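The primary structure of each chain is shown beneath.
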Amino acid sequence: MSLREKLQEDLKSSMKNKDTVKKSVVTLIRASIKQYEVDNRVELSDDEIIDLIAKQLKQRRDSLVEFKKANRDDLVSETEAEIEVLKEYLPQQLSEEELNEIVKATISEVGATSMKDMGKIMAAIKPKTKGRADGKLINELVKNNLQ
(Lines give C-alpha, C1' and ligand atoms only; values in the text may rest on other atoms or scores of the structure.)
Protein backbone atom coordinates (compact mmCIF):
# COMPACT_ATOMS: atom_id res chain seq x y z
CA MET A 1 0.00 0.00 0.00
CA SER A 2 1.44 3.36 -0.99
CA LEU A 3 1.62 6.22 1.46
CA ARG A 4 -1.05 8.07 -0.51
CA GLU A 5 -3.44 5.10 -0.14
CA LYS A 6 -2.61 4.79 3.56
CA LEU A 7 -3.48 8.47 4.06
CA GLN A 8 -6.81 7.94 2.28
CA GLU A 9 -7.64 4.90 4.44
CA ASP A 10 -6.62 6.69 7.63
CA LEU A 11 -8.79 9.66 6.70
CA LYS A 12 -11.80 7.37 6.29
CA SER A 13 -11.15 5.52 9.55
CA SER A 14 -10.57 8.75 11.51
CA MET A 15 -13.90 10.08 10.23
CA LYS A 16 -15.66 6.89 11.27
CA ASN A 17 -13.99 6.89 14.68
CA LYS A 18 -14.55 10.63 15.16
CA ASP A 19 -10.81 11.14 15.76
CA THR A 20 -10.72 14.88 15.04
CA VAL A 21 -6.98 15.37 15.56
CA LYS A 22 -5.97 12.60 13.18
CA LYS A 23 -8.60 13.68 10.66
CA SER A 24 -7.35 17.27 10.62
CA VAL A 25 -3.68 16.27 10.36
CA VAL A 26 -4.30 13.77 7.55
CA THR A 27 -6.43 16.35 5.74
CA LEU A 28 -3.61 18.90 6.03
CA ILE A 29 -1.06 16.39 4.74
CA ARG A 30 -3.25 15.49 1.78
CA ALA A 31 -3.90 19.18 1.05
CA SER A 32 -0.18 20.01 1.07
CA ILE A 33 0.52 17.07 -1.26
CA LYS A 34 -2.21 18.23 -3.64
CA GLN A 35 -1.01 21.84 -3.47
CA TYR A 36 2.57 20.84 -4.28
CA GLU A 37 1.47 18.61 -7.15
CA VAL A 38 -0.74 21.31 -8.67
CA ASP A 39 1.89 24.04 -8.26
CA ASN A 40 4.70 21.96 -9.78
CA ARG A 41 2.65 19.77 -12.14
CA VAL A 42 4.19 16.55 -10.85
CA GLU A 43 3.02 13.48 -9.00
CA LEU A 44 4.89 12.94 -5.75
CA SER A 45 6.51 9.62 -4.88
CA ASP A 46 6.35 8.17 -1.37
CA ASP A 47 9.83 9.57 -0.59
CA GLU A 48 8.75 13.06 -1.63
CA ILE A 49 5.58 12.75 0.45
CA ILE A 50 7.75 11.76 3.42
CA ASP A 51 9.77 14.95 2.86
CA LEU A 52 6.57 17.02 2.98
CA ILE A 53 5.46 15.29 6.17
CA ALA A 54 8.91 15.84 7.72
CA LYS A 55 8.61 19.56 6.92
CA GLN A 56 5.24 19.70 8.63
CA LEU A 57 6.69 17.87 11.64
CA LYS A 58 9.51 20.41 11.85
CA GLN A 59 6.99 23.27 11.69
CA ARG A 60 4.97 21.72 14.53
CA ARG A 61 8.09 21.24 16.65
CA ASP A 62 9.11 24.88 16.11
CA SER A 63 5.59 26.01 17.00
CA LEU A 64 5.63 23.84 20.11
CA VAL A 65 8.66 25.71 21.45
CA GLU A 66 6.92 29.04 20.90
CA PHE A 67 3.66 27.85 22.50
CA LYS A 68 5.57 26.67 25.57
CA LYS A 69 7.30 30.05 25.87
CA ALA A 70 3.91 31.77 25.72
CA ASN A 71 2.40 29.36 28.30
CA ARG A 72 -0.32 28.29 25.87
CA ASP A 73 -1.03 24.86 27.35
CA ASP A 74 -4.09 24.37 25.13
CA LEU A 75 -1.99 24.77 21.97
CA VAL A 76 0.89 22.75 23.43
CA SER A 77 -1.26 19.66 23.97
CA GLU A 78 -2.94 20.02 20.56
CA THR A 79 0.42 20.39 18.80
CA GLU A 80 1.91 17.41 20.65
CA ALA A 81 -1.04 15.29 19.49
CA GLU A 82 -0.49 16.46 15.89
CA ILE A 83 3.22 15.60 16.15
CA GLU A 84 2.36 12.05 17.22
CA VAL A 85 0.05 11.62 14.21
CA LEU A 86 2.70 12.96 11.83
CA LYS A 87 5.31 10.55 13.24
CA GLU A 88 3.08 7.62 12.22
CA TYR A 89 3.77 8.39 8.56
CA LEU A 90 7.53 8.80 8.86
CA PRO A 91 10.09 5.98 8.96
CA GLN A 92 11.29 4.82 12.38
CA GLN A 93 13.30 7.67 13.92
CA LEU A 94 16.95 7.05 14.74
CA SER A 95 18.01 7.17 18.37
CA GLU A 96 20.60 9.74 19.40
CA GLU A 97 23.19 6.97 19.82
CA GLU A 98 22.57 5.58 16.32
CA LEU A 99 22.70 9.08 14.92
CA ASN A 100 25.96 9.80 16.73
CA GLU A 101 27.51 6.68 15.17
CA ILE A 102 26.41 7.81 11.69
CA VAL A 103 27.84 11.28 12.34
CA LYS A 104 31.21 9.87 13.50
CA ALA A 105 31.42 7.52 10.52
CA THR A 106 30.54 10.31 8.09
CA ILE A 107 33.11 12.68 9.59
CA SER A 108 35.84 10.07 9.06
CA GLU A 109 34.54 9.25 5.52
CA VAL A 110 34.64 12.91 4.51
CA GLY A 111 37.92 13.50 6.31
CA ALA A 112 36.55 16.52 8.14
CA THR A 113 38.78 18.24 10.65
CA SER A 114 37.11 21.56 11.45
CA MET A 115 33.85 23.47 11.38
CA LYS A 116 34.76 24.60 7.84
CA ASP A 117 33.82 21.09 6.69
CA MET A 118 30.31 21.32 8.18
CA GLY A 119 28.65 21.66 4.75
CA LYS A 120 30.37 18.55 3.38
CA ILE A 121 29.43 16.53 6.44
CA MET A 122 25.78 17.63 6.41
CA ALA A 123 25.53 16.90 2.66
CA ALA A 124 26.87 13.40 3.23
CA ILE A 125 24.65 12.68 6.25
CA LYS A 126 21.35 13.92 4.74
CA PRO A 127 20.77 10.92 2.41
CA LYS A 128 21.61 8.46 5.21
CA THR A 129 19.08 9.94 7.65
CA LYS A 130 16.36 11.14 5.27
CA GLY A 131 13.11 11.44 7.21
CA ARG A 132 14.55 9.55 10.17
CA ALA A 133 16.22 12.34 12.15
CA ASP A 134 15.80 16.02 12.97
CA GLY A 135 18.26 18.32 11.20
CA LYS A 136 18.88 20.39 14.34
CA LEU A 137 19.92 17.29 16.28
CA ILE A 138 22.25 16.19 13.47
CA ASN A 139 23.77 19.67 13.39
CA GLU A 140 24.38 19.64 17.16
CA LEU A 141 25.98 16.19 17.04
CA VAL A 142 28.28 17.23 14.19
CA LYS A 143 29.36 20.32 16.14
CA ASN A 144 30.01 18.25 19.27
CA ASN A 145 32.08 15.72 17.34
CA LEU A 146 34.18 18.37 15.60
CA GLN A 147 35.22 20.14 18.80
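## Observations regarding the pattern of salt bridges
Phase 1 of the analysis: A full pass over the atoms with the stated rule returns twelve salt bridges.
Phase 2 of the analysis: One salt bridge connects glutamate 82 with arginine 60, and the closest N-O pair in it is separated by 2.7 Å. Taken together, the residues span a long stretch of sequence, with glutamate 82 in helix α4 (residues 73-87) and arginine 60 in helix α3 (residues 46-69) at a distance of 22 residues.
Phase 3 of the analysis: The partner of lysine 136 in a salt bridge is aspartate 62, with the nearest N and O atoms 3.3 Å apart.

## A few points about helix α2 (residues 20-40)
Phase 1 of the analysis: For α2, built from 21 residues, the straight-helix expectation of 30 Å at 1.5 Å per residue is met to within 8% by its first-to-last C-alpha distance of 30 Å.
Phase 2 of the analysis: Among all positions of α2, only Lys22, Val25, Val26, Ile29, Ile33 and Glu37 are buried. Seen along its axis, α2 keeps its buried residues to an arc of 105°; they face one direction. The exposed set on the far side of α2, more than 90 degrees from its buried face, consists of Thr20, Lys34, Val38 and Asp39.
Phase 3 of the analysis: Residues of α2 that are buried sit in contact with α1 (3-16), α3 and α4.
Phase 4 of the analysis: After α2 finishes, the residue arginine 41 shows a positive phi value of roughly 50°.

## Observations regarding the nonpolar core
Phase 1 of the analysis: Counting 20 residues, the largest nonpolar core has Leu7, Ile29, Ile33, Ile49, Ile53 and Tyr89 as its most contacted members.
Phase 2 of the analysis: Listing elements by their share of this core, those giving two or more residues are α1, α2, α3 and α4.
Phase 3 of the analysis: Of all the elements, α3 adds the most residues to this core, at six residues.
Phase 4 of the analysis: Beyond its immediate stretch of four places on either side in the chain, isoleucine 29 contacts Leu7, Ile53, Gln56, Leu86 and Tyr89.
Phase 5 of the analysis: One finds Leu99, Ala112, Ile125 and Ile138 within the second-largest nonpolar core, a separate group that totals 14 residues.

## Examining the packing of helix α5 (residues 96-110) against helix α7 (residues 135-146)
Any two packed helices are characterised by the angle at which their axes cross and by the distance between the axes.
Phase 1 of the analysis: Contact geometry of α5 with α7 gives a least axis separation of 10 Å together with a crossing angle of 55°. Taken as axis vectors, α5 and α7 run oblique relative to one another. Here α5 and α7 pass one another in a crossing that is right-handed. On α7, the residues touching Glu96, Leu99, Asn100, Val103, Lys104 and Ile107 of α5 are Leu137, Ile138, Leu141, Val142, Asn145 and Leu146.

## Digging into α3
Phase 1 of the analysis: The end-to-end C-alpha separation of α3 is 35 Å, in line with the 34 Å expected for 24 residues at 1.5 Å each.
Phase 2 of the analysis: Those residues of α3 that fall on the buried side of the exposure criterion are Ile49, Ile50, Leu52, Ile53, Gln56, Leu57, Arg60 and Leu64.
Phase 3 of the analysis: Of the surrounding secondary structure, the elements contacted by the buried residues of α3 are α1, α2 and α4.
Phase 4 of the analysis: In the segment just after α3, asparagine 71 is the residue with positive phi, at about 55°.

## Points about the layout of surface pockets
Phase 1 of the analysis: The calculated volume of the largest pocket comes to roughly 460 Å³.
Phase 2 of the analysis: In terms of lining residues, the largest pocket is bounded by 21 residues, among which Ala54, Lys126, Gly131, Ala133 and Gly135 are the most central.
Phase 3 of the analysis: Of all the secondary-structure elements, those providing two or more residues to the lining of the largest pocket are α3, α6 (118-129) and α7.
Phase 4 of the analysis: Among the residues making up the lining of the largest pocket, the classes are represented as eight nonpolar, four polar and nine charged.

Calculation rules
- Residues numbered from 1 in each chain as written.
- Predicted model: local features only at pLDDT ≥ 70, side-chain atom pairs only at ≥ 80, totals over all residues.
- Heavy atoms only, no water.
- Salt bridge = Lys/Arg side-chain N within 4 Å of Asp/Glu carboxyl O.
- Helix = DSSP H or I, 4+ residues; strand = E, 2+ residues; numbered from the N terminus.
- Expected span 1.5 Å × (residues − 1).
- Buried < 20%, exposed > 50% of the residue type's maximum accessible area, 1.4 Å probe, protein only.
- Arc of directions from axis to C-beta.
- Contact = heavy atoms within 4.5 Å.
- Core = buried A, V, L, I, M, F, W, Y, C linked by side-chain atoms within 4.5 Å.
- Axes fitted to C-alpha atoms, helices over the stretch in contact; angles between N-to-C directions.
- Parallel < 35°, antiparallel > 145°, perpendicular 65-115°, else oblique.
- Left-handed = near helix turned anticlockwise from the far one by under 90°.
- 1 Å grid on protein atoms, 1.4 Å probe; cavity = no way out; pocket = protein on both sides within 12 Å on 5 of 7 lines; lining within 4 Å.
- Points joined across faces, edges and corners; volume = space filled by probe spheres on them.
- Nonpolar A, V, L, I, M, F, W, Y, C, P; charged D, E, K, R; others polar.

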